[in-house]
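An overview of the molecular structure
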Amino acid sequence: MTPKRVRFLVLSLIGIGLIVVALFGVRAYYAWREVRGQPPPQDVLMEAIPDAADAELIRDWMTIPFIARMYNIPSSEFYEALDIPRRGNEIKSLTQLNSQYFPETPGIVETKVKTVVLQHITPEEPPTEPAP
Amino acid sequence: MSDFLLTQVINYGAPFLGAVVFLGALGVPFPGTFIVIAVGAFCRQGFLPWPTTGMVALTCVVLGDCLSYGMGYYAREPVQRRFGHSDRWHKAQDFFQRWGGMSVFLSRFLITGLAVPVNLISGGGGLTFRRFFFYDLTGEAIWIFGYGGLGYLFGTQWEAVSDFLNNMSGLLLGLVILAIGVWLAFTLWKRNEGSKQQVPDV
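Residues numbered from 1 in each chain as written. Chains lettered and ligands numbered in written order. Predicted model: local features only at pLDDT ≥ 70, side-chain atom pairs only at ≥ 80, totals over all residues. Heavy atoms only, no water.

By volume, the largest pocket amounts to about 2200 Å³. In this structure, the largest pocket is lined by 47 residues; those nearest its centre are Ala92(B), Phe95(B), Ile180(B), Trp183(B) and Leu184(B). Put simply, the parts of the chain that give the lining of the largest pocket at least two residues each are α1 (3-37) of chain A together with α5 (76-83), α6 (87-109), α7 (115-126) and α9 (158-198) of chain B. The element that contributes the greatest number of residues to the lining of the largest pocket is α9(B), accounting for 13 residues. Classifying every residue of the lining of the largest pocket gives 32 nonpolar, ten polar and five charged. By volume, the second largest pocket amounts to about 700 Å³. (1 Å grid on protein atoms, 1.4 Å probe; cavity = no way out; pocket = protein on both sides within 12 Å on 5 of 7 lines; lining within 4 Å. Points joined across faces, edges and corners; volume = space filled by probe spheres on them. Helix = DSSP H or I, 4+ residues; strand = E, 2+ residues; numbered from the N terminus. Nonpolar A, V, L, I, M, F, W, Y, C, P; charged D, E, K, R; others polar.)

Here it is as structure tokens:
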């Protein structure tokens, strides 16, 4: 290898190294801030901590049976809310269900699923006593 | 890609995870660390049994690494025919004999981007299979149970943790590249200084 090529290789390594360090350093810093800013870890099993469930934990890669088990809600309620059959849809993600059944309204499946979850985790208001 | 893999992991569990880490060990660019952390969180939530899932993943990733080592092993002859006579090749081999075990170990969980090249170099004559297997198994156990354990520990926060760890891995890779560059620059500078001193003054 000629000295010119060697110098080019060394400078390239240093340049690439600096770029990678800067890029991932900034990203790691922001990711760390996000980890520190998160609330303490929690189980989302409703049985364990009934008031700890958060519908914002739902992601579009999840399947209906997964969400049903996560929140301890019968999966039939989700299928009824979406008005789709259970058969053949158990292994499909929310994204896949959306593109199959509601292609013209992106995100509707996730919204409906969150609505079902929120109906279950919103504490019921105590019945108001009738005025004397 | 990540979303598709996550959906399939919750559908098919440990066998699918095993396939992902196996193919990842062969160089298929799957987000392995991300999936392992996610699976740790799924185990915490009771969707997957952690001992079985962990053992299946560990077995599959070690098998993938061994296969990748085998590729390097069977490709060594043409490589040695081409470079085997050079002094630098022997120096590189000596270096890998000394530091190869640690390279295998650290590239399993810390600088995962280097895992496949390290496997190929190890197979190409850098490391005996027994040494490779020992460091590989130890490193992968840390990757599967350590990173999976972080997912288990952080539960619902696993996405943020995974993001942080992936970026840290990238940062370390950058530091390694930078260190090699600086070390080469320093070596060249020293060599130049030495040759200048050898030139007699006229």
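There's plenty left to go through after this.
Residues and elements named next belong to chain A. In this model, Asn-72 sits at a positive phi of 55 degrees, which is unusual for a non-glycine residue. Looking at the element boundaries, Asn-72 is found in the loop between α2 (64-71) and α3 (75-82). For Asn-72, a relative accessible area of 46% corresponds to the partly exposed category. Its identity as a non-glycine residue notwithstanding, Asp-83 has a phi of 60 degrees, on the positive side. Considering the arrangement of structural elements, one finds Asp-83 in the loop between α3 and α4 (94-101). Given a relative accessible area of 71%, Asp-83 falls into the exposed group. (Buried < 20%, exposed > 50% of the residue type's maximum accessible area, 1.4 Å probe, protein only.)

Facing the 37 residues of chain A at the interface are 35 residues of chain B. Inspection of the chain A/chain B interface yields one salt bridge. Salt-bridge contacts for Glu159(B) lead to Arg59(A); the nearest nitrogen and oxygen are separated by 2.9 Å. At the surface where chain A touches chain B, the tally comes to five residue pairs in polar contact (both at pLDDT 80 or more). Among the elements of the structure, α1 and α2 of chain A are those that each provide at least two residues to the side of chain A that touches chain B. Among the elements that take part in the side of chain A that touches chain B, α1(A) stands out by supplying 17 residues, more than any other. Broken down by class, the residue content of the side of chain A that touches chain B amounts to 24 nonpolar, six polar and seven charged. (Contact = heavy atoms within 4.5 Å. Salt bridge = Lys/Arg side-chain N within 4 Å of Asp/Glu carboxyl O. Polar contact = N/O pair within 3.5 Å; in protein donor to acceptor, adjacent residues only side chain to side chain.)

Right, let's talk about the nonpolar core for a bit. Membership of the largest hydrophobic core comes to 62 residues, with the highest contact counts inside it found for Ile67(A), Phe78(A), Val113(A), Val117(A) and Phe42(B). Element by element, the count of residues in this core is highest for helix α3 (residues 32-44) of chain B, at nine residues. Excluding anything up to four places from it in sequence, Val117(A) contacts Ala55(A), Ile58(A), Ile67(A), Tyr71(A), Ile73(A) and Phe78(A). If you look at the next biggest cluster of nonpolar residues, it comprises six residues, including Phe96(B), Val104(B), Val118(B) and Phe132(B). (Core = buried A, V, L, I, M, F, W, Y, C linked by side-chain atoms within 4.5 Å.)

Residues and elements named next belong to chain B. One way to put it is that helix α2 (residues 14-25) packs onto helix α4 (residues 50-74) with a least axis distance of 8 Å and a crossing angle of 25 degrees. Here α2 lies roughly parallel to α4, going by the angle between them. Note on packing geometry: the crossing formed by α2 with α4 is right-handed. Within the contact between the two elements, α2 uses Ala-14, Leu-17, Gly-18, Val-21, Phe-22 and Ala-25 and α4 uses Thr-53, Val-56, Ala-57, Cys-60, Val-61, Leu-63, Gly-64, Asp-65, Leu-67 and Ser-68. (Axes fitted to C-alpha atoms, helices over the stretch in contact; angles between N-to-C directions. Parallel < 35°, antiparallel > 145°, perpendicular 65-115°, else oblique. Left-handed = near helix turned anticlockwise from the far one by under 90°.)

So, about the pattern of salt bridges. Taken as a whole and judged by the stated rule, the model has four salt bridges over all chains. One continuous salt-bridge network, built from bridges that share partners, spans Asp65(B), Arg108(B) and Asp136(B).

Using the criterion set out here, one finds 17 aromatic pairs over all chains in the structure. Between Trp61(A) and Phe66(A) the ring centres are 6.0 Å apart and the planes differ by 50 degrees, which places this aromatic pair in the tilted class. With respect to class, Trp61(A) is no different from Phe66(A); both count as buried. Their ring planes at 50 degrees and their centres at 5.8 Å tell us that Trp61(A) and Phe42(B) sit as a pair that is tilted. Separated into two different chains, Trp61(A) in the loop between α1 and α2 and Phe42(B) in helix α3 make up a pair that spans both. Comparing Trp61(A) with Phe42(B) shows no difference in burial state: the two are buried. Taken together, the ring pairs in this structure connect Trp61(A), Phe66(A), Phe34(B), Phe42(B), Phe47(B) and Trp158(B) into an aromatic cluster. Against the face of Tyr73(B) rests Arg76(B), its NZ or CZ located 4.0 Å from the ring centre. (Phe/Tyr/Trp six-rings, centres within 6.5 Å; stacked < 30°, edge-to-face > 60°. Lys NZ or Arg CZ within 6 Å of the ring centre and 35° of its normal.)

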